[in-house]
Amino acid sequence: MSSIYPADYPVTEGEFWTARQRQMSPLHEISYRACFKAELPAWFIQRYTQEGEVVYDPFAGRGTTAVQASIMGRRFISNDINPLARILAEPRISPPPLAAIARRLEEIDLSSPQGREKGENEPDLEAFFNLETLQEVRNLRSYLHQRRVGGREDTLDAWIRMVATNRLTGHSKGFFSVYTLPPNLATSPERQRKINAKYNNDFSVYKNVKEIIFSKSRLLLKEEPTGRIGTQGIFLSCDAGETLAIPEHSVKLVVTSPPFLTNVQYDADNWLRLWFNCLDVNDLKAALTQTPHLAEWQALIRRTFAEFRRILTHDGWGAFEVGEIQKGRLRLDEVVFQLLLETGLLPQETMVNSQKFSKTSNIWGISNNTQGTNSNRIVLFRQGL
């Protein structure tokens, strides 16, 4: 395949960080669709920033960049139009003590008979949960919502919300649901009924919601975070091309991965998480840029790069991670290279981090590095002159 890169432009391929799983802080072990490993931001943070400098992710997802920046003693700015991003990230920046989480869980009453009743406009949840477990899920949702709208949600509630959001559905006993797809992809109730029939899911098995939340909390907090976890940062939820809250020339490093056209449906994949957090999936769908049209994607990225020009320090850097899509026929890194030049930023190198596929990748029937799942293509750039 021909390339648009100049002959003297470096394209470097290798394994820049380990392909092994769970090598970073356990705080990162939260599932989210199409997220990158913590090793990726750590590699660039270590090389291009000093403690106290600002690291920014405009498409934050589960908050990997923000959490890792905080662990490494950097300040952070985390932005994502999806409100789930802050729900999943902020509690892990300043995690509460495990003993305090246990006490709060004891205080929450999940036995209310109101949880037996289907709520107004509630989706078909009986396809996923044992009825007693579903009662507890509904009651926990109600408790968290009342705490939030009443202005009484504290760090313990926020932590419990984050963990419960991540434990709703999955394919092991550590989730509230019966057997289903991995936790970063909520299937529809109709498809779940087919999964139930295929795998003969046993709905008589009760899952204790509090025990599962505590067990996952214990895993997330099994290691004392090193560095300066909790370092100052801010969370935004706005268009990445219009981040007026970020001061000019205040960001030393950008590390991010944008949505890849329509390869990932963030609204449909997160419908159950949105329901649990009393968020409207239609509001999210209207706000997201999910398009099969390259021109629309380029427009978003062009505006985002214009913001990078405004907010990066004069010696600032950026690492923009994309994958190969359409089975390698469209190389977004080359599109990114052109857009950087158009907006006055300076591409320095394209890094191709090739790795062997994990078990999760094989679930999706991908057995090579051509579809952008385990092959990171990162365009490294600098602030323009």
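Up top you'll find the structure we're talking about.
Let me begin by describing the structure that accompanies this report. (Residues numbered from 1 in each chain as written. Predicted model: local features only at pLDDT ≥ 70, side-chain atom pairs only at ≥ 80, totals over all residues. Heavy atoms only, no water.)

### Focus on the pattern of salt bridges
Throughout the structure, instances matching the rule amount to 17 salt bridges. The salt bridge partner of Asp157 is Arg104, with a shortest N-O separation of 3.0 Å. A residue pair is termed long-range when its members are at least 10 positions apart, and Asp157 in helix 6 (residues 155-166) and Arg104 in helix 4 (residues 98-107) qualify at 53 residues. Side by side, Asp157 and Arg104 carry an identical accessibility label, which is buried. (Salt bridge = Lys/Arg side-chain N within 4 Å of Asp/Glu carboxyl O. Helix = DSSP H or I, 4+ residues; strand = E, 2+ residues; numbered from the N terminus. Buried < 20%, exposed > 50% of the residue type's maximum accessible area, 1.4 Å probe, protein only.)

### A few points about the side chain of Asp57
For Asp57, the location among the structural elements is in strand 2 (residues 54-57). For the buried residue Asp57, which engages in no salt bridge, the nearest side chain bearing the opposite charge is Arg62, 9.1 Å off. Polar contacts involving the side chain of Asp57 include one to the main-chain amide nitrogen of Phe59, which spans 3.0 Å. Setting aside chain neighbours within four positions, we find Asp57 in contact with Phe36, Thr65, Ile77, Ser78, Asn79, Val255 and Thr256. (Lys, Arg positive; Asp, Glu negative; His and termini not counted. Polar contact = N/O pair within 3.5 Å; in protein donor to acceptor, adjacent residues only side chain to side chain. Contact = heavy atoms within 4.5 Å.)

### Notes on the sheet that holds strand 9 (residues 346-353)
Reading across the sheet, the 8 strands line up as 1-9-10-6-5-2-3-4 and stay open at both edges, with mixed pairing between neighbours. Of all the strands in the sheet, just strand 1 (11-14) and strand 4 (233-236) have a single pairing partner and so form its edges. Pairs of neighbouring strands in the sheet enclose a mean axial angle of 15 degrees, with direction left out of account. By the bridge criterion, 4 bridges tie strand 1 to strand 9 in an arrangement that is parallel. Bridged to Gly14 within strand 9 is Asn353. (Pairing = 2+ DSSP bridges. Axes fitted to C-alpha atoms, helices over the stretch in contact; angles between N-to-C directions.)

### A closer look at the pairing of strand 6 (residues 312-322)
A regular strand places its side chains on the two faces of the sheet in alternate fashion. With respect to burial, strand 6 is a largely interior element, 9 of its 11 residues being buried. Pairing between strand 5 (residues 251-256) and strand 6: 5 bridges, direction parallel. For Val251, the partnering residue across the bridge sits in strand 6 and is Leu312. Across 6 bridges, strand 6 lies against strand 10 (residues 376-382) in antiparallel orientation. From the neighbouring strand, Glu321 faces strand 10, where its bridge partner is Ile378.

### Comments concerning the packing of aromatic side chains
In the structure shown here, the tally under the stated rule is 17 aromatic pairs. Note on Tyr9 and Phe337: the rings are 4.8 Å apart at their centroids and 65 degrees apart in plane angle, and the pair reads as edge-to-face. One end of the pair, Tyr9, is in the segment before strand 1; the other, Phe337, is in helix 13 (residues 332-342), and 328 residues separate them in sequence. Both residues of the pair, Tyr9 and Phe337, count as buried. Relative to Phe381, the ring of Phe308 lies with its centre 6.0 Å away and its plane at 10 degrees, an arrangement referred to as stacked. Linking Phe308 in helix 12 (residues 294-311) with Phe381 in strand 10, this pair joins segments that are 73 residues apart in sequence. For the residue pair Phe308 and Phe381, the accessibility class agrees, reading buried in each case. (Phe/Tyr/Trp six-rings, centres within 6.5 Å; stacked < 30°, edge-to-face > 60°.)

### Structural notes on the packing of helix 12 against helix 13
Interaxial distance between helix 12 and helix 13 falls to 10 Å at its minimum, and their mutual angle equals 45 degrees. Comparing their axes, helix 13 and helix 12 come out oblique. Of the two elements, helix 12 crosses helix 13, and the hand of that crossing is right-handed. For the pair formed by helix 12 and helix 13, the contact residues are Leu294, Trp297, Gln298, Ile301, Arg302 and Phe305 on the first element and Leu332, Val335, Val336, Leu339, Leu340 and Glu342 on the second. (Parallel < 35°, antiparallel > 145°, perpendicular 65-115°, else oblique. Left-handed = near helix turned anticlockwise from the far one by under 90°.)

### Overview of empty space enclosed by the protein
Tallied over the entire structure, the rule returns 1 cavity of 30 Å³ or more. In this structure, the largest cavity occupies an estimated 60 Å³ of space. Thr165, Asn166, Leu168, Thr169, Pro183, Ala186, Asp269, Leu272 and Arg273 are the residues that line the largest cavity. Those elements giving two or more residues to the lining of the largest cavity turn out to be helix 6 and helix 10 (271-276). Here the residues of the lining of the largest cavity sort into 4 nonpolar, 3 polar and 2 charged. (1 Å grid on protein atoms, 1.4 Å probe; cavity = no way out; pocket = protein on both sides within 12 Å on 5 of 7 lines; lining within 4 Å. Points joined across faces, edges and corners; volume = space filled by probe spheres on them. Nonpolar A, V, L, I, M, F, W, Y, C, P; charged D, E, K, R; others polar.)

### Some remarks on the environment of Val251
Mapped onto the fold, Val251 is located in strand 5. Accessibility expressed as a relative area gives 0% for Val251, which makes it buried. Between the alpha carbons of Val251 and Ile311 there is a distance of 5.8 Å; along the sequence they are 60 residues apart. Excluding residues within four positions of it along the chain, Val251 makes contact with Val54, Tyr56, Ile77, Ile246, Ile311, Leu312 and Thr313.

### Regarding the side chain of Thr187
Relative to the helices and strands, Thr187 is located in the loop between helix 6 and helix 7 (189-199). Thr187 has contacts with Phe128, Thr180, Leu181, Gln192, Ile195 and Trp271, leaving out every residue within four places of it along the chain.

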